[in-house]
Amino acid sequence: MKIVNIGSRESKLAVVQSEMVREYINSHNEDVEARLLTMKTTGDIILDRSLDKVGGKGLFVKELDKALIEGRTCMSVHSLKDMPMVVPDNLPLIAFSRREDPRDVLVLPQGRTEIDFSLPVGCSSLRRMLQFKKLYPQAEFKNVRGNVITRLSKLDRGQYSALILAAAGIKRLGLEERISRYFDTEEMIPAAGQGILAVQGRADMEYDFLEGFNDLEGEMAALAERAFVTELNGGCTSPVAAHARIEKGTIYLKGLYYDEQDGGHLIGSRSGKADKESAAALGRELAAQLRGQYQLEKSERNT
């Protein structure tokens, strides 16, 4: 029996997501037993500061990467939206899951039906803040860190008026009843990769036991969205956003470009052929299109 160790963060959501991959491997391979190895990452430990001030999304993968490199694990499972845009060549992304609901959602304290704007909205994402402000101009924000359960506990204790979270995580935890409102992807563009799980492995390993797990539509969406953000050098400190959907052989990509200098932004879309070769190119093309359009409009405003 071949033992396969899967690296996972310790949070309940991370474990639930890693269990999805573990169960797939065990149910599709008679001679393989997949096990979880959980660990606390630096990003889980430092909770008193926003991510952009302490090192960004890489803090959530540092320990998992180390375990992979040292051979203590064979793969790691991540929420793709929490992955850095650039991953090491020796630790490639080897599979993507079918996409869960990509939308952002509003969560209110238990028993509440409306936002109490005398309290701050719990949110650490500049992407979400920028788009939420367009819907609720009176909103004020306060940084909130920790796993989903921790955030909900802080919300219900009265520290925040509401939380903005990813629908995928709430649903995977079986807490769908806590959702007060779904934000359509047209009114709040999700983070690149939101709702998709990424399996990260080692370049020197074979992963035959994962055959059939990879979802082609999830992979194409991931490639397009991450290429868009990468082209704009976006990360934790820049509220760029991208969302791709695949319909009848076509990828439809929508993106948000943010100008660091003046704080302005521009939203646009582009479509192309639905295949892996075209997906990343589509993301880069939309990024270049929006950046060029915004800079042109900015120049015209200043003349």
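Shown above is the structure to which this text applies.
The structure displayed is predicted, hence computed values, not measured ones.

**Regarding the sheet that holds strand β7 (residues 141–142)**
Now for step 1: With mixed pairing, five strands are arranged side by side in an open sheet as β7-β6-β8-β5-β9. Each end of this open sheet is capped by a strand with a single partner; those strands are β7 and β9 (179–183).
Now for step 2: For strand β6 (residues 121–122) and strand β8 (residues 162–166), the ladder comprises two bridges, and the chain directions are parallel. Looking at the pairing, Val121 lines up with Ala162 of β8.

**Observations regarding the pattern of salt bridges**
Now for step 1: Applying the stated criterion to the full structure yields 23 salt bridges.
Now for step 2: Among the salt bridges present, the one from Arg178 reaches Asp156, with a minimum N-O distance of 2.9 Å. Residue Arg178 is located in the loop between α7 (167–172) and β9, and its partner Asp156 is located in helix α6 (residues 148–156); the two are separated by 22 residues in the primary sequence.
Now for step 3: Of the residues examined, Arg178 reaches a relative accessible area of 10% and is grouped as buried.
Now for step 4: One salt bridge in this structure joins Lys276 and Glu219, with 3.7 Å as the shortest N-O distance. Here the residue Lys276 occupies a position in helix α9 (residues 276–301), and Glu219 occupies one in helix α8 (residues 216–231), the gap between them amounting to 57 residues.
Now for step 5: Residue classification places Glu219 among the buried residues on the basis of a relative accessible area of 13%.

**Thoughts on the packing of α8 against α9**
Now for step 1: It is at 7 Å that the axes of α8 and α9 come closest, and there the two elements cross at 30°. Taken together, α8 and α9 sit at an angle that is classed as roughly parallel. In this structure, α8 meets α9 at a crossing whose hand is right-handed. Residue-level inspection shows Leu216, Glu219, Met220, Leu223, Ala224, Ala227, Phe228 and Glu231 of α8 in contact with α9, the latter providing Lys276, Ala279, Ala280, Gly283, Arg284, Leu286, Ala287, Leu290 and Arg291.
Now for step 2: Along the lines of polarity and charge, the residues of the contact of α8 with α9 split into 11 nonpolar, one polar and five charged.

**Thoughts on the packing of aromatic side chains**
Now for step 1: Across all of its chains, the model carries seven aromatic pairs by this definition.
Now for step 2: A centroid spacing of 5.6 Å and a plane angle of 55° characterise the contact between Tyr257 and Tyr294, whose relative ring orientation is tilted. Of this pair, Tyr257 sits in strand β12 (residues 250–258) while Tyr294 sits in helix α9, and the two are 37 residues apart along the sequence.
Now for step 3: Looking at Tyr257, the relative accessible area reads 7%, which means it is buried.
Now for step 4: Its relative accessible area of 5% is what places Tyr294 among the buried residues.
Now for step 5: Through pairs of rings, three or more aromatic residues link up here, namely Phe117, Phe132, Tyr136, Phe141 and Phe183.
Now for step 6: The lysine or arginine in question, Arg301, covers the ring of Tyr294, its NZ or CZ lying 5.4 Å from the ring centre.

**Some details on the nonpolar core**
Now for step 1: Core analysis: the largest hydrophobic core is formed by 29 residues, its most contacted members being Leu80, Phe228, Ile251 and Leu253.
Now for step 2: Broken down by secondary-structure element, the contributors of at least two residues to this core are α8, β11 (241–247), β12 and α9.
Now for step 3: What Phe228 contacts, discounting residues up to four positions off in sequence, is Ala241, Ala242, Gly255, Leu256, Tyr257, Gly283, Arg284, Leu286, Ala287 and Leu290.
Now for step 4: In this structure, Val4, Ala34, Met205 and Leu210 belong to the second largest nonpolar core, which totals 17 residues.

Calculation criteria
- Residues numbered from 1 in each chain as written.
- Predicted model: local features only at pLDDT ≥ 70, side-chain atom pairs only at ≥ 80, totals over all residues.
- Heavy atoms only, no water.
- Pairing = 2+ DSSP bridges.
- Helix = DSSP H or I, 4+ residues; strand = E, 2+ residues; numbered from the N terminus.
- Salt bridge = Lys/Arg side-chain N within 4 Å of Asp/Glu carboxyl O.
- Buried < 20%, exposed > 50% of the residue type's maximum accessible area, 1.4 Å probe, protein only.
- Axes fitted to C-alpha atoms, helices over the stretch in contact; angles between N-to-C directions.
- Parallel < 35°, antiparallel > 145°, perpendicular 65-115°, else oblique.
- Left-handed = near helix turned anticlockwise from the far one by under 90°.
- Contact = heavy atoms within 4.5 Å.
- Nonpolar A, V, L, I, M, F, W, Y, C, P; charged D, E, K, R; others polar.
- Phe/Tyr/Trp six-rings, centres within 6.5 Å; stacked < 30°, edge-to-face > 60°.
- Lys NZ or Arg CZ within 6 Å of the ring centre and 35° of its normal.
- Core = buried A, V, L, I, M, F, W, Y, C linked by side-chain atoms within 4.5 Å.

Keep in mind these numbers describe shape, not what the thing actually does.
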